[in-house]
Structure formats: structure tokens, C-alpha cells
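# Coordinate inspection notes
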Amino acid sequence: MSRAKRKLDHIEHALSTGQERTHGFEHIRFVHNSIPDAFVDEVDYSSEIGGLSLSSPIFINAMTGGGGERTKMINQQLAEVASECRIGIAVGSQMAAIRDPEERKSYEIVRQTLPNGVVFANLGSEATVDQAKRAVDMLRASALQIHLNVIQELVMPEGDRDFRHTLSRIEKIKDAIDVPLIIKEVGYGMSRETAETLASIGVQMIDVGGFGGTNFSRIENARRERKLSYFDDWGINTTSSIIEVTEAAKGISVISSGGLQSALDVVKSIALGADATGFAGYFLKILMEEGQTALIEEINFIHKDIKMLMTALGASSLSELKEIPLVIGGSTKEWCEQRGIP
Ligand code: FNR
């Protein structure tokens, strides 16, 4: 199967398999504050990750590119949304454009649409140093995302089977590029041990890509005759993963993603220790099913709702939000107890 067809299949199956909503945010409850010292108009939700200033903690996470005209149009529309809402955007894996220069247009359109915005380049962990540099240059990228997607590759019939030497490739890339590096999962979450290993080679930004939203095992199984369904329920949910990574790696910028759909998910992510939040499947579904205006409206509402929630909590900035007390229940509590996280 061609790479371009696979990209379109991913979009179609991501929309049809839907978002799972098993990310764990329902286990997180805030302690109500009856006398919050805050004013909606003074709430500032700007953030900073790895030295990059973000006017909003929300960004559009990596999805597409390299599937011809259709993915170019999707990327252009997403980039226009990012521009209108003043949020960042990541492109999907650029390997297609590195292998076939014809495919570059579907990625370059993002930088053309957002000449001064925050744009993340994206490659898989099989990338070489040269490929990483080319991906960054192609977009004048603000940062490079390297995705880890072992389970997706295993379920993908034509996927990789050899995952050796990933860490040494990441380390070489980190040392060679002159923009910040983000290591991200794609829906299986990251553990404390993985975060510690990444921190030990100097990685400073981790996107947990938790379980509970887009499920690549289900997406790839939908393309298989003999299903590897044992991977459908595999992974660390988003809340547990934020707690794991925050606990492991003090001083690392943590990005929450995996099933985020609302301002409440964003606010809970930050209170758990994240510095920014990535939305993928939920935004794609709105764009494809309701259109660009609907997506812009949704993001504008999310921004307003973040201010309302932060006001209720008495937090005027994301650093104050991180100090807000919360109570953890359900399977996230059980997870933390068994993993020895206080
Ligand atoms: C993705 N994702 C992804 N990630 C990545 O690093 N490179 C990629 O090329 C892609 N491609 C891709 C295509 C489609 C159609 C979807 C829906 C997602 C993964 C994405 O960035 C994110 O990590 C996961 O989807 C989990 O977040 P959500 O979708 O639950 O918000």
C-alpha cells in the first residue's frame, strides 16, 4: 500500500474509530474555592515550553501531510485555524516529503500560512540526523517532534519490526539540531522510566501522548484481516502518564495529550504538572465533519472556558494553576499507589 493511501486511511479510521474518552481526566477533581482572588479579564494562560513562548497552552498536534492534495488542504485549513486562534501547530511525519520532494508542498503550506507562528516539525524515531535537519529546515520549525510509536508499528502490517538503537539516534539528533526537541508518544503514554531515560540524554520536552483518545491499535487493526486486538487496550492513560513524567523528570517541560477535548481537560492537565496541551483527533473530527469555522469557534470557546475555570480556582496564571489542590480517584489513584507515586 502506498504511503499516501495509508495517510488517508489513518484519517478515515481515526474519524470512524473515534475518541475513547478513557484518558482518566474524570478521576481528577478540584477542591472548590469559595473565595478565589481572581478576575476573568486578568487571567493569563500564556505558557513557555523549552524556551518557546506560547500565547495559549493549546496547540494542534501532529496529524498529516504527504498524502497529496487532500492532506495539503487539511494542513492548510488547520494552519489557518492556528493563525486565527493564535495557537501553535505540529505537522504530521515529514518522512514522506524527505523521500519524495513532490510531497513537500503539503507541509510547507503550514509555514506559509503561519509565517511567524509556532510550527513543529515531525519525524519518527527511525530518522537520521540528516533527515531531522532537513525536516526542521523545510518548515523553519520552532521545534522538532520525534514520535515514538512502537505499538502502532507492530499492529501496522507494513510497520517496523526493529526498534533497536532508538535512544542513540535521538541523542544524536538532539545534539545536531539547533531548535528544541520534543519526544512524543502517539496514544500509549509515557512511563516514569521512559522519561528518566530520555532526561538522562538531555531531552527537555516530553509529550506524554497518553492512552484514552485516538487509538492507533484500533486504527491499524481496522486495516488488518487478522487483528492484534490485544494491543487495543494497551497503554498508560493520559492522567497517569502526566503524573509519571512530571514525577520522573523535574525541570522537563511536559506536554499533555491523548484524548483532550475540553478546557477542563486542559486545566486539569496543567494542574497535574503539564506546561502545554496538544489536541489531535478531536480537532480533526470537528474540521472534517463541521468545517473550519466550527473548529475556530470551538477553540475560541475553549480559550474562554479556560479563563472561567482558572477564575473559579483563583489561578491567574498557569504557574498559580499548578499549585491548586486536587483530589485523584478511580484507576488513576490506583495506578499512582501501585507505582509508588505519592
Ligand atoms: C496522528 N498522530 C501523529 N503523531 C505524530 O507524531 N506523527 C504523525 O504523523 C501522526 N499522524 C496522525 C494522524 C492522525 C489522523 C491522527 C488522529 C493522529 C498522533 C497525534 O499527534 C496524537 O499523539 C494522538 O492522536 C493522541 O492525541 P489525540 O488524537 O487523542 O488528541
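Just so we're clear, the structure is a prediction, and the values are computed from it rather than from any experiment.

## Details of the pattern of salt bridges
Evaluation of the coordinates by the stated rule reveals 14 salt bridges. For the salt bridge of Glu-158 with Arg-223, the shortest nitrogen-to-oxygen distance reads 3.0 Å. Note that Glu-158 is positioned in the loop between helix H6 (150-155) and helix H7 (166-176) and Arg-223 in the loop between helix H9 (216-221) and helix H10 (238-248), a separation of 65 residues in sequence. Overall, Glu-158 belongs to the partly exposed group, its relative accessible area being 35%. Assessed through its relative accessible area of 17%, Arg-223 is described here as buried. Measuring nitrogen to oxygen at the nearest pair gives 2.5 Å for the salt bridge that ties Asp-275 to Lys-322. Placement of the pair is Asp-275 in the loop between helix H11 (263-272) and strand S11 (276-279) and Lys-322 in the loop between helix H14 (318-321) and strand S12 (326-328), with a sequence separation of 47 residues. What makes Asp-275 buried here is its relative accessible area of 14%. If you follow the salt bridges from partner to partner, you end up with Asp-9, Glu-158, Glu-220 and Arg-223 in one network.

## What about the confidence of the model for the chain?
On average, residues of the chain carry a pLDDT of 95, and 99% of them reach 70 or more. If you check the scores for this complex, the pTM reads 0.97 and the ipTM reads 1.00.

## Description of the side chain of Ser-240
In this structure, Ser-240 sits in helix H10. Aside from chain neighbours lying at most four places away, what touches Ser-240 is Thr-332 and Trp-335.

## A short note on the pairing of strand S10 (residues 253-257)
For S10, a buried count of 5 out of 5 residues is recorded, marking the element as mostly surrounded by other parts of the structure. What you see with S10 is no split at all: Ser-253, Ile-255 and Ser-257 on one side and Val-254 and Ser-256 on the other are buried throughout. One ladder, built from 3 bridges, connects strand S9 (residues 205-207) with S10; its direction is parallel. For Ile-206, the partnering residue across the bridge sits in S10 and is Val-254. Pairing geometry for S10 and S11, over 3 bridges, is parallel. Within S11, the residue paired with Ser-257 across the bridge is Gly-278. A crossover links S10 with its parallel partner S11, the connecting element being H11, and its sense is right-handed.

## Comments concerning the packing of helix H12 (residues 281-290) against helix H13 (residues 292-313)
Helix-helix packing is characterised by the crossing angle of the two axes and by the distance between the axes. Contact geometry for H12 and H13: axes closest at 7 Å, N-to-C directions at 140°. Relative to H13, the element H12 lies oblique. Contact residues: Tyr-282, Phe-283, Ile-286, Leu-287 and Glu-290 in H12; Gln-292, Ala-294, Leu-295, Glu-298, Ile-299 and Ile-302 in H13. Residues that form the contact of H12 with H13 fall into these classes: 8 nonpolar, 1 polar and 2 charged.

## Digging into the sheet that holds S9
Spatially, S4-S5-S6-S7-S8-S9-S10-S11 is the arrangement adopted by the 8 strands of the closed barrel, whose pairing is parallel. Geometrically, the sheet is characterised by an average inter-axis angle of 25° between neighbouring strands, direction not taken into account. Inspection of the sheet shows strand S8 (residues 181-185) paired to S9 by 3 bridges, in the parallel sense. In the sheet register, Ile-182 faces S9, and the bridge partner there is Met-205. Sheet contacts for helix H2 (residues 69-85): strand S4 (58-60) and strand S5 (88-90); angle to S5, the most-contacted strand, approximately 160°.

Parameters at a glance
- Residues numbered from 1 in each chain as written.
- Predicted model: local features only at pLDDT ≥ 70, side-chain atom pairs only at ≥ 80, totals over all residues.
- Heavy atoms only, no water.
- Salt bridge = Lys/Arg side-chain N within 4 Å of Asp/Glu carboxyl O.
- Helix = DSSP H or I, 4+ residues; strand = E, 2+ residues; numbered from the N terminus.
- Buried < 20%, exposed > 50% of the residue type's maximum accessible area, 1.4 Å probe, protein only.
- pLDDT = per-residue confidence, 0-100.
- Contact = heavy atoms within 4.5 Å.
- Pairing = 2+ DSSP bridges.
- Right-handed = clockwise from strand over helix to strand, strands pointing away.
- Axes fitted to C-alpha atoms, helices over the stretch in contact; angles between N-to-C directions.
- Parallel < 35°, antiparallel > 145°, perpendicular 65-115°, else oblique.
- Nonpolar A, V, L, I, M, F, W, Y, C, P; charged D, E, K, R; others polar.

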